[in-house]
Amino acid sequence: MADVALDKVIKVYPNGFTAVHELDLAVGDGEFVVLVGPSGCGKTTILRMIAGLEDITGGIVRIGGRVVNDLGPKERDIAMVFQNYALYPHMTVAENIGFALKLRKMPKAEIQKKVEEAANILGLTEWLDRKPAQLSGGQRQRVAMGRAIVREPSVFLMDEPLSNLDAKLRVQMRAEVSRIQRHLGVATVYVTHDQTEAMTMGDRVAVLRDGYLQQYDSPQVLYDEPVNIFVAAFIGSPAMNLYEATLEPGAVAVQLGSQTVPLSEEVRIARPALLRYAGKTVIVGLRPEHLPAAGPGDSPQLTGDVDLVEALGSELLVHFTIDAKRVLAEGAHEEDVEQLLKSGEGVARVDPRATIKPGTIVRFAVDVKRMQFFDPESGAVIRD
């Protein structure tokens, strides 16, 4: 077993494009770390540099405390699982899983034992004599994982391994991959563009943008305490509602369009830096679940014009409009942008039993303790 450490790692291509900027990243022994971000953010390049498939322009990569900058992929004791399964169609499942061991000239009995152990872990025992064409997409992906498992590497590297699967199977396989990784206890670096995948699978998640690391923390910290507007917009679906607002003197309230939302002393104590923005413009962020339908006596409140209601069974997604300017930060998901353009402004997640219809005016309770504040120029969170 081993850990992985990247120290000030840089990747510059021959055309001068810098894909990765001085990245510091540490993956503990047995830890499951997910690299997430939009297309072109550098996450696959980082994975390939760890694997030795991509040259490093600057910095140091260590695996198990050993500098591996000048070592080839075979010398790094890693195993990769790719987006495409790359299975040999003429070989059985057992032959595909054990192929790397056969190349090592391992005794047949030992190969069979390791293949059977991997198949048992992956639930493939009854399929060992089948060919890849006779398997489902999820089973093929498990065979690809089995091929990596039998090698008993120090580190697993996975590059969007579930992206070829349909939505339902992808959810099932997320749980499977997580279970297998926990069982094996091997340090794993997993690349995805799907923030839901990142949040449900990772012990820690590294959010990347344009080759820069934005934030590296547990999924819950990323969700509750984003360091900037990009992370706030990228993590969570539907995306965080972001508005331009004015902070009143003493930070006693925030003005959202024509509506005033009082801020409690608890908010001011938790975010002392807000006082520096009194009388100025800030970006206010509210997650959809922090805007439930208001009940009698709930305060403070926001009133919105309802444009669209999506009944999902477990909840209602209420799309509403207020007269504050909505901020669409880079990093918002495409589907959220489409919904916002269609519906106007914000989204609230409310109880499915609430009777809310399009064309009505609804009062939402505002959870000001969970409200986020960002600098409008730098995009950084306003907190300490």
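Here is what the cut-offs are and how they apply
Position numbers for residues start from 1 in each chain and track the written sequence from start to end. Given that this is a predicted model, residues contribute local features only at a pLDDT of at least 70 and side-chain atom pairs are listed and counted only at 80 or more, while totals for whole chains, interfaces and linings are drawn from all residues. The side-chain values count all of the structure's non-hydrogen atoms but skip hydrogen atoms and water molecules. The score called pLDDT rates the predictor's confidence residue by residue, from a low of 0 to a high of 100. In what follows, a contact means two residues having at least one pair of non-hydrogen atoms within 4.5 Å. One requirement defines pairing of two strands: DSSP has to find at least two bridges between them. Every helix listed is a DSSP run of H or I at least four residues long, and every strand listed is a run of E at least two residues long, numbered separately from the N terminus. The angle between two axes is taken between their N-to-C directions and runs from 0 to 180 degrees, where each axis is a line fitted to C-alpha atoms and a helix contributes only its stretch in contact. Lining residues are those with an atom within 4 Å of a point, where the points come from a 1 Å grid over the protein atoms alone and group into cavities, where a 1.4 Å probe fits but cannot get out, or pockets, open sets with protein on both sides within 12 Å along at least five of seven lines. Grid points are joined across faces, edges and corners, and a volume is the space filled by probe spheres set on the points. Three classes are used: nonpolar for Ala, Val, Leu, Ile, Met, Phe, Trp, Tyr, Cys and Pro, charged for Asp, Glu, Lys and Arg, and polar for all others, with Gly counted as polar. What counts as a ring pair is set by centres within 6.5 Å for rings of Phe, Tyr and Trp (its six-membered ring), and what kind of pair is set by the plane angle: stacked under 30 degrees, edge-to-face over 60, tilted for all other angles. Relative accessibility thresholds used throughout: buried, under 20% of the residue-type maximum; exposed, over 50%; partly exposed, between the two (1.4 Å probe, protein chains only). Any carboxyl oxygen of Asp or Glu that lies within 4 Å of a side-chain nitrogen of Lys or Arg is treated as forming a salt bridge with it. The criterion is simple. A nonpolar core is a set of buried Ala, Val, Leu, Ile, Met, Phe, Trp, Tyr and Cys residues joined through side-chain atoms within 4.5 Å.

**Considerations on the confidence of the model for the protein chain**
Within the protein chain, residue pLDDT values average 92, and 96% of them lie at 70 or more. Contacts of residues 339–344 to residues separated by more than four positions or lying in other chains number 13 contacts, the stretch itself having pLDDT below 50.

**Quick look at the sheet that holds strand β11 (residues 241–247)**
Strand pairing in a sheet relies on backbone hydrogen bonds. The paired strands run either parallel or antiparallel. The sheet built from five strands is open, its strands ordered β13-β12-β11-β14-β19 with antiparallel pairing. Edge strands, defined here as strands with exactly one partner in the open sheet, are β13 (259–262) and β19 (372–374). Shown here is a sheet whose adjacent strand axes are inclined to one another by a mean of 40°, direction ignored. Two strands pair when backbone bridges link them, and strand β12 (residues 253–256) and β13 are joined in this way by four bridges, in the antiparallel orientation. Along β13, the bridge assignment pairs Ala253 with Pro262.

**Description of the pairing of β12**
The side chains of a regular strand alternate between both faces of the sheet. In terms of strand pairing, β11 meets β12 through two bridges, oriented antiparallel. Each residue of the ladder has a partner; that of Leu247, found in β12, is Val254. From the end of β11 to the start of β12, which pair antiparallel, there are five residues, and Gly250 there has a positive phi angle of about 75°. Here β12 folds back onto β13 in antiparallel fashion, the turn holding two residues, of which Gly257 has a positive phi close to 65°.

**Notes on the layout of surface pockets**
If a probe the size of a water molecule is rolled over the atoms, the empty space left behind becomes visible. Considering only enclosed or pocket space, the largest pocket measures out at about 740 Å³ in volume. Along the wall of the largest pocket there are 23 residues; nearest its centre are Ile78, Met80, Ala100, Arg147 and Arg151. Among the secondary structure elements, those contributing two or more residues to the lining of the largest pocket are β6 (78–81), α2 (93–103) and α4 (137–149). The biggest single contributor to the lining of the largest pocket is β6, with four residues. Taken together, the residues of the lining of the largest pocket break down into 17 nonpolar, one polar and five charged.

**Some details on the packing of aromatic side chains**
One pass over the structure, following the stated rule, counts four aromatic pairs. Seen in terms of ring centroids, Phe320 and Phe364 are 4.7 Å apart; in terms of plane orientation they differ by 40°. Their pairing is tilted. Taken together, the residues Phe320 in strand β16 (residues 316–321) and Phe364 in strand β18 (residues 361–365) connect sequence positions 44 residues apart. By relative accessible area, Phe320 is classed as buried at 1%.

**Looking at the sheet that holds strand β4 (residues 58–63)**
Strands sit in the order β2-β1-β4-β5 across an open sheet of four strands; the sheet is antiparallel. The sheet is open, and its two borders are formed by β2 (18–27) and β5 (66–67), each paired with just one other strand. Here six bridges tie strand β1 (residues 4–12) to β2, and the two strands are oriented antiparallel to one another. By the bridge assignment for β2, Ala5 is matched with Ala26. Contacts between helix α1 (residues 43–51) and the sheet are confined to β1, β2 and β4, with β1 contributing the most and set at about 115° to the helix.

**Quick notes on the pattern of salt bridges**
Within the structure shown, the criterion is met by twelve salt bridges. Among the salt bridges present, the one from Arg48 reaches Glu54, with a minimum N-O distance of 3.3 Å. Of the residues examined, Arg48 reaches a relative accessible area of 30% and is grouped as partly exposed. Linking Glu244 and Lys325 is a salt bridge whose minimum nitrogen-to-oxygen distance equals 3.8 Å. Placement of the pair is Glu244 in strand β11 and Lys325 in the loop between β16 and α10 (334–343), with a sequence separation of 81 residues. The network of salt bridges with common partners includes Lys11, Arg48 and Glu54.

**Description of the pairing of strand β14 (residues 281–286)**
Of all six residues making up β14, five are buried, and the element is well covered by its neighbours. Bridge analysis of β11 against β14 gives six bridges, and the strand direction is antiparallel. Along β14, the bridge assignment pairs Asn241 with Leu286.

**Topic: the nonpolar core**
Among the nonpolar cores identified, the biggest contains 47 residues, and Ile97, Val177, Tyr190 and Val207 are the most heavily contacted of them. The dominant element in this core, judged by the number of residues it contributes, is helix α3 (residues 108–122), at six residues. When neighbours within four sequence positions are excluded, Val207 is seen to be in contact with Val36, Tyr212, Leu213, Gln214, Gln215, Leu222, Phe230, Val231 and Ile235. With 33 residues, the next largest nonpolar core counts Val282, Val284, Val366 and Phe373 among its residues.

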